[in-house]
Amino acid sequence: MENRVIEKDFGDLALNMGPQHPSTHGVFRLKLYLEGEKINKIESFLGYLHRGVEKLTEKLDYDQIAPVLERDDYLSPTSNSLGFVNAVEKICEIEVTRKASYIRVLVAELQRISSHLVALGTYGLDLGGALGGGASLFLYCFREREKILDIMEELTGTRFHTNMNQIGGVRYDLKPEVVKKIESLIKHLRPILEDYFDMISNDQIFIKRTKDIGIISKELVQESGGSGPVSRGSGINFDFRKNKPYECYKEFNFDIPIGKNGDAYDRTLVRMKENVQSLRIVEQIIEGVPSGELSTRKPLKSAKLTRPPKGSSYFSVESPRGELGFFIVSDGSSIPYRMKIRAPSFSNLSIIEKLLPGTYFADSVVILGSLDPVFGDVDR
């Protein structure tokens, strides 16, 4: 058994958090070296899922991979398949129709809202006594998320892993009855998101537990490869949807919220403000979905499987957690020679070893939750 009493240089006690523990957001182990309640040093251990998804793609045809990747960041499945199909379309020089691009962005932004609602709701539980005891906000957020999942079910037949994106376009059309439900959702969500913002900004327990806690400097973000709300919470104004537009994002008007202090409070506010902007994008999409085909490719047959030319390509999208990139190496066959995923949760989580020392044990859960890691997005 590991000796839990350690050298005085690191503290009085070595305490394990995880890997099976609700406050570590899944399969993640932290070893905290404590002196009283102060953290002097930490060690983090990743890789408890053991799914080997990158290696798995070396045995699948390109046309089979997108649904598998939707299990990575399982709170925003479409972001994974969206990045992958764009990487393949880039190397194959495949164009998609504007209609397909609009539908892709619509689903991605609805799932961004859904993901951020989960982040806020579970964060209330992490903080315990804040936000109505934690459980109130959790139930509110999941109530609204259910409405989004209802729309996903009607649009794609599934509530969660939509299987929407395919190489060359999308599988499902936007029906009039779905458009009506989305219009109702927009009217319903807009005032509720404002209520959530008021709850956060007026809850003194939440403010005291997150303000000036887990401050991440711009320099630390850049050194660690942090992205998404983690970097924008530290004042870095970068979002792939704006700075390196893909799909049809350049056609829409929306803002990129950024924070000032880089603390847990700012990262939470950035996510909530992003929900408002995502709602703006969704509203613009349903006001003017162009006509056209759903895909530029004909139905697949065994002889017509995607076979990119020899070479490589890299493509990044802005997932709810940041830069989600796919690097593909093709040998000219219908199966990737190699694929590497640049997962934002992994890079954001690497900050934790520099962030926790000097803080208190009670703050460790607050800081970890503010990074919003999804561990399907971490383990390869």
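Residues numbered from 1 in each chain as written. Predicted model: local features only at pLDDT ≥ 70, side-chain atom pairs only at ≥ 80, totals over all residues. Heavy atoms only, no water.

> Mind showing me how you'd approach the packing of aromatic side chains here?
Applying the stated criterion across every chain yields a total of ten aromatic pairs. With 5.1 Å between their ring centres and 70° between their planes, Y246 and Y249 make a pair best called edge-to-face. Across the pair, Y249 and Y246 agree in class, each one buried. Taken together, Y246, Y249, F254 and F315 form an aromatic cluster joined through their ring pairs. Here the guanidinium or amino end of K41 rests over the ring plane of Y33, the centre of that ring lying 5.4 Å away. In this arrangement the basic side chain of K242 is found over the ring face of F254, its NZ or CZ atom lying 4.7 Å from the centre. (Phe/Tyr/Trp six-rings, centres within 6.5 Å; stacked < 30°, edge-to-face > 60°. Buried < 20%, exposed > 50% of the residue type's maximum accessible area, 1.4 Å probe, protein only. Lys NZ or Arg CZ within 6 Å of the ring centre and 35° of its normal.)

> How should I be thinking about unusual backbone geometry in this particular structure?
Negative phi values dominate among residues other than glycine, just as trans dominates among peptide bonds. Phi at N163 takes a positive value of approximately 55°, unusual for a residue other than glycine. Tracing the backbone through its elements, the reader meets N163 in the loop between helix 6 (135-156) and strand 6 (165-166). One non-glycine residue with positive phi stands out, namely D372, at about 50°. Within the element layout of this structure, D372 appears in the segment after helix 15 (361-370). For D372, a relative accessible area of 5% corresponds to the buried category. (Helix = DSSP H or I, 4+ residues; strand = E, 2+ residues; numbered from the N terminus.)

> Any chance you could explain the sheet that holds strand 9 (residues 322-330) here in plain terms?
The strands making up a sheet associate through hydrogen bonds between their backbones, and the pairing can be parallel or antiparallel. Overall, antiparallel pairing links the three strands, which are arranged 8-9-10 in an open sheet. Each edge of the sheet is formed by a strand with only one pairing partner; in this case those strands are strand 8 (311-319) and strand 10 (338-342). Here the average twist between neighbouring strands, direction ignored, is 10°. Sheet topology places strand 9 next to strand 10; five bridges connect them, and they run antiparallel. Note that in strand 10 the partner of F326 across the bridge is I341. Sheet contacts for helix 2 (residues 62-69): strand 9 and strand 10; angle to strand 9, the most-contacted strand, approximately 155°. (Pairing = 2+ DSSP bridges. Axes fitted to C-alpha atoms, helices over the stretch in contact; angles between N-to-C directions. Contact = heavy atoms within 4.5 Å.)

> When you look at the side chain of K99 in this model, what are you seeing that I'm missing?
Residue placement: K99 occurs in helix 4 (residues 98-126). Taking relative accessible area as the criterion, K99 reaches 12% and is therefore assigned buried. One polar contact links K99 to D173, side chain to side chain, over a distance of 3.1 Å. If we ignore the near neighbours within four places in the chain, the residues touching K99 are D173, V289, P290, S291, G292, E293 and L294. (Polar contact = N/O pair within 3.5 Å; in protein donor to acceptor, adjacent residues only side chain to side chain.)

> Would you mind showing me how to read helix 4 here?
Helical periodicity: at 3.6 residues per turn, an α-helix aligns residues three or four positions apart in one direction. Along its 29 residues, helix 4 runs 42 Å from first to last C-alpha, staying within 8% of the 42 Å computed at 1.5 Å per residue. With 26 of 29 residues buried, helix 4 lies mostly within the body of the structure. Two residues or fewer past helix 4, G128 is found with a positive phi of approximately 70°. (Expected span 1.5 Å × (residues − 1).)

> Before we go on, may I ask you to explain the confidence of the model for the chain in this structure?
A low pLDDT means the predicted coordinates there should not be read in detail. In the predicted model, the chain carries a mean pLDDT of 90, and the fraction of residues at 70 or more is 93%. Here residues 1-6 is modelled with pLDDT under 50, and outside its nearest four sequence neighbours on either side it reaches 13 contacts, counting other chains as well. (pLDDT = per-residue confidence, 0-100.)

> Is there a simple way to explain the nonpolar core in this structure?
Generally speaking, nonpolar side chains in soluble globular proteins are found buried as a group. Ranked by size, the top nonpolar core spans 97 residues in total, and within it F84, L110 and I182 carry the most contacts. Per-element accounting of this core gives the leading share, twelve residues, to helix 4. (Core = buried A, V, L, I, M, F, W, Y, C linked by side-chain atoms within 4.5 Å.)

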